[in-house]
Amino acid sequence: MKQRPLDGIRVIEMGSLIAGPFAGKTLGDFGADVIKIEPPEGGDPLRSWRTPAGETSMWWHVQARNKKSLALDLRQKEGQDIARRLILEADILIENFRPGTLEKWGLDYETLSAQNPGLIMLRISGYGQTGPMRDLPGYGVVAEAMGGFRYITGEPGKAPVRPGISIGDSLSALHGVMGIMMALYHRDTGSGKGQVIDVALYESVFNMMEGAVPEYDRLGMVREPAGSAIQGIAPTNAYPCADGSYVLIAGNGDSIFKRLMALIARDDLANDPALARNHGRVTAMARIDEAIAAWSQQHTLDEALSLLAGAGVPAGKIYTVKDIVNDEQYQARDMIQNITLADGSALKVPGVVPKLSATPGGFSGGGPALGQHTESVLAELGFDQDAIQRLKSAGVI
């Protein structure tokens, strides 16, 4: 494997499920040595999500790739002591426990950084480490609602819709990775000091809310759900086709709108001065959408896409995961890769994002078995076999 940009950086990952481990996965894709600490009984609950009882989750082989698994009971003092020894030799600590948990275990940043001044700690929680809600349990679904995303998602007048992925957790992980990279740069370009990155799930979602706050402050405008369209931008929507499919068309650029109207033989709309700019088109969204839908319903999805491409109008189909796996563009960019699991079976998994030209990321297999690297990690810390067996007997590992 080529040199990767985070080769030589050691990460200790504590916590479970999505947000913290997604951050660890991203760092591992780019070369970081990630040691994942899991409870000896059962490990990370993600291991069994969305899969039949007794089988390892397919998601696990994405989320935990490139990681070493250390089965360690952090509720026991010896487990905390081992974790401390690892952290004092690490560059980065990732945790997504409820605020106050690390402090209870004596693993607070002040104590750790006194002995490891370069330590960078990423803390992901529902509401952050401060504020009146800091101690409440926080999950992605709640954060998506509090951050404003859930309100604007769905059809007007109907119950808000949740996307079928854990977007709040994943956004928080990416914000955490961004913070880690800035902290590493600050540390390694002269200060030598680490710092704490405090990521709240709801704030990561809120950061995606574009101009919602100033629009409300200056105009009293509350962005509302708009189904497959988007409030304040026109035309951009999903339009029905003759074969029962939907074609997504983004014709909201001024020149693109004219090309789209020419394609659907609506020169009256293309040449209407009132529709020349987006603000005018927004007031006529229903009329424009009706015209586009009348055209799209005369064509199959493939026909519509071909005609739109020829006219230079951005358009696409709604992909299922089956479409994704078989798509030439995904395959051309190595976004669908094959790995071999420990039992010898093959499994398709997503590739690495983003693409770096000189030091690209990569992976060689899926997630580790629970505790697969416990003995090797402890041996690196100086534990001999007798000590390791004693820790096993005590249930620490």
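You'll find the structure just up there.
Considering the environment of Gly147
The topology assignment puts Gly147 in the loop between helix H6 (140-146) and helix H7 (167-191). For Gly147, a relative accessible area of 4% gives the class buried. The spacing of Gly147 and Met209 is 62 residues in sequence and 7.9 Å in space, taken between C-alpha atoms.

So, the nonpolar core
By size, the foremost hydrophobic cluster in this structure holds 31 residues, and its most contacted members are Val11, Leu27, Ile92, Ile94, Leu122 and Ile180. Those elements that provide at least two residues to this core are helix H1 (19-29), strand S4 (92-95), strand S5 (120-125), H7, strand S6 (196-200) and strand S11 (346-350). When residues of this core are assigned to their parent elements, the largest contribution, five residues, is made by H7. Counting 28 residues, the second-largest nonpolar core is a separate cluster that includes Ile82, Ile87, Ala90 and Trp105.

Let's talk about the pairing of strand S10 (residues 336-340)
For a regular strand, side chains alternate in direction, first toward one face of the sheet and then toward the other. Note: S10 against S11, five bridges, orientation antiparallel. For Thr340, the partnering residue across the bridge sits in S11 and is Ala346. Taken together, S10 and the strand that follows it, S11, pair antiparallel across an intervening segment of five residues, in which Gly344 is found at a positive phi of about 90 degrees.

A short note on the sheet that holds strand S8 (residues 246-250)
As summarised here, the arrangement of the three strands in space is S7-S8-S9, forming an open sheet in which the pairing is antiparallel. What marks the edges here is a single partner per strand, and that holds for strand S7 (236-240) and strand S9 (315-317). Averaged over all adjacent pairs, the angle separating strand axes in this sheet is 25 degrees, with direction ignored. Contacts from helix H13 (residues 285-296) reach S7 and S8 within the one sheet, and its direction differs from that of S7 by about 35 degrees.

Some words on the pattern of salt bridges
As enumerated under the stated definition, the model contains 25 salt bridges in all. Residue Glu95 is joined to Arg123 by a salt bridge in which the shortest nitrogen-to-oxygen separation is 2.6 Å. Of this pair, Glu95 sits in strand S4 while Arg123 sits in strand S5, placing them 28 residues apart in sequence. For the pair Glu95 and Arg123, a shared accessibility class is recorded, and that class is buried. A single salt-bridge network, built from bridges that share partners, covers Arg10, Asp33, Lys68 and Glu380.

Concerning the side chain of Thr153
By secondary structure assignment, the location of Thr153 is in the loop between H6 and H7. Here Phe149 takes part through its backbone oxygen, which lies 2.8 Å from a polar atom of the side chain of Thr153. If we skip the residues at most four places from it in the chain, Thr153 touches Pro160, Val161 and Pro225.

Focus: the packing of helix H10 (residues 254-263) against H13
Between H10 and H13, the shortest axis-to-axis distance is 10 Å and the interhelical angle comes to 45 degrees. In terms of their interaxial angle, H10 and H13 are classed as oblique. Regarding H10 and H13, the two cross each other, and that crossing is left-handed. Contacts from Phe257, Leu260, Met261 and Leu263 in H10 reach Ile288, Ile292 and Trp295 in H13.

Description of the sheet that holds S4
Strand order in this open sheet of six strands is S3-S2-S1-S4-S5-S6, and the pairing throughout is parallel. Lying at the two open borders of the sheet, with one neighbouring strand each, are strand S3 (67-71) and S6. Along the sheet, successive strands turn relative to each other by an average axial angle of 20 degrees, direction set aside. Relative to S6, S5 is paired through five bridges, and the arrangement is parallel. Each residue of the ladder has a partner; that of Ile124, found in S6, is Val199.

Some remarks on the side chain of Asp289
With respect to the helices and strands, the residue Asp289 is situated in helix H13. Other than its neighbours up to four places away in sequence, Asp289 contacts Pro235, Asn237 and Tyr239.

Quick look at a nonpolar patch on the surface
On the surface, Tyr151, Tyr216 and Val222 cluster together into a nonpolar patch covering about 330 Å² of accessible area. Among the secondary structure elements, Val222 is positioned in the loop between helix H9 (212-219) and S7. Taking the relative accessible area as the measure of exposure, Val222 reaches 42% and is therefore partly exposed.

A short note on unusual backbone geometry
In the segment running from Ala234 into Pro235, the intervening peptide bond is cis, with an omega of -10 degrees. Pro354 follows Val353 through a cis peptide bond whose omega is 0 degrees. Take Pro354: it is sitting in the loop between S11 and helix H17 (374-380).

Rules of the game
- Residues numbered from 1 in each chain as written.
- Predicted model: local features only at pLDDT ≥ 70, side-chain atom pairs only at ≥ 80, totals over all residues.
- Heavy atoms only, no water.
- Helix = DSSP H or I, 4+ residues; strand = E, 2+ residues; numbered from the N terminus.
- Buried < 20%, exposed > 50% of the residue type's maximum accessible area, 1.4 Å probe, protein only.
- Core = buried A, V, L, I, M, F, W, Y, C linked by side-chain atoms within 4.5 Å.
- Pairing = 2+ DSSP bridges.
- Axes fitted to C-alpha atoms, helices over the stretch in contact; angles between N-to-C directions.
- Contact = heavy atoms within 4.5 Å.
- Salt bridge = Lys/Arg side-chain N within 4 Å of Asp/Glu carboxyl O.
- Polar contact = N/O pair within 3.5 Å; in protein donor to acceptor, adjacent residues only side chain to side chain.
- Parallel < 35°, antiparallel > 145°, perpendicular 65-115°, else oblique.
- Left-handed = near helix turned anticlockwise from the far one by under 90°.
- Patch = residues over 30% accessible without salt bridge, like charges linked within 9 Å, V, L, I, M, F, W, Y side chains within 5 Å.
- Areas by Shrake-Rupley, 256 points an atom, 1.4 Å probe, with all protein chains shown as cover.

Distances and angles like these do not, on their own, reveal function.
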